[in-house]
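Overview (structure and organization)
Below, each chain spelled out in residue letters.
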Amino acid sequence: MSKIKRIIILSAPVIAIPSVWLLTVAFRKYMIPCPVNFFTGIYCIGCGGTRCIEALMKCRPLLAMRQNFIVFSGTVFLLLLWIQFATGKKLIPENRFFYITVTGILIIYAVLRNFIPEIAPV
């Protein structure tokens, strides 16, 4: 990998974190509610995602997990991927079984959050 490409990837959080903050916190009052939840009352995969990112920005990981575990786990995955790239150490398994298991767990969570009030977004 070229040196320029490596510098760009390693500096990505410097651009990404302020951009995400701007999109979630500064423009939150202009965002529309989730159309799936509005019309059906069902929590979609993304419901609570903005509040999850906002909780992460305020360093409240437990609240972020409560808001949307799928967005939280995706953020953790991207962080681990970035650390893996930066250090060269393998942190994420590269086998198909891992990804199938994680996908299955997240699908089960997406369904159960509509039936168990304790894991529904607040």
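Residues numbered from 1 in each chain as written. Predicted model: local features only at pLDDT ≥ 70, side-chain atom pairs only at ≥ 80, totals over all residues. Heavy atoms only, no water.

**Here we look at the packing of aromatic side chains**
If you walk through the whole model with that rule in mind, you get 5 aromatic pairs. For the pair Phe77 and Tyr99, a centre-to-centre distance of 6.4 Å together with 80 degrees between the ring planes defines the contact as edge-to-face. Separated by 22 residues along the polypeptide, Phe77 in helix H6 (residues 69–87) and Tyr99 in helix H7 (residues 96–112) bring together distant segments of the chain. The exposure class of Phe77 is partly exposed, given its relative accessible area of 30%. (Phe/Tyr/Trp six-rings, centres within 6.5 Å; stacked < 30°, edge-to-face > 60°. Helix = DSSP H or I, 4+ residues; strand = E, 2+ residues; numbered from the N terminus. Buried < 20%, exposed > 50% of the residue type's maximum accessible area, 1.4 Å probe, protein only.)

**Brief notes about the packing of helix H4 (residues 49–57) against H6**
In the contact formed by H4 and H6, the axes pass within 8 Å of each other and the chain directions differ by 50 degrees. Considering their axes alone, H4 and H6 lie oblique with respect to each other. Every pair of crossing elements has a handedness; the one defined by H4 and H6 is right-handed. On the side of H4, the interface is formed by Gly49, Cys52, Ile53 and Leu56, while H6 contributes Val71, Phe72 and Thr75. Per-class residue counts for the contact of H4 with H6 are 5 nonpolar, 2 polar and no charged. (Axes fitted to C-alpha atoms, helices over the stretch in contact; angles between N-to-C directions. Parallel < 35°, antiparallel > 145°, perpendicular 65-115°, else oblique. Left-handed = near helix turned anticlockwise from the far one by under 90°. Contact = heavy atoms within 4.5 Å. Nonpolar A, V, L, I, M, F, W, Y, C, P; charged D, E, K, R; others polar.)

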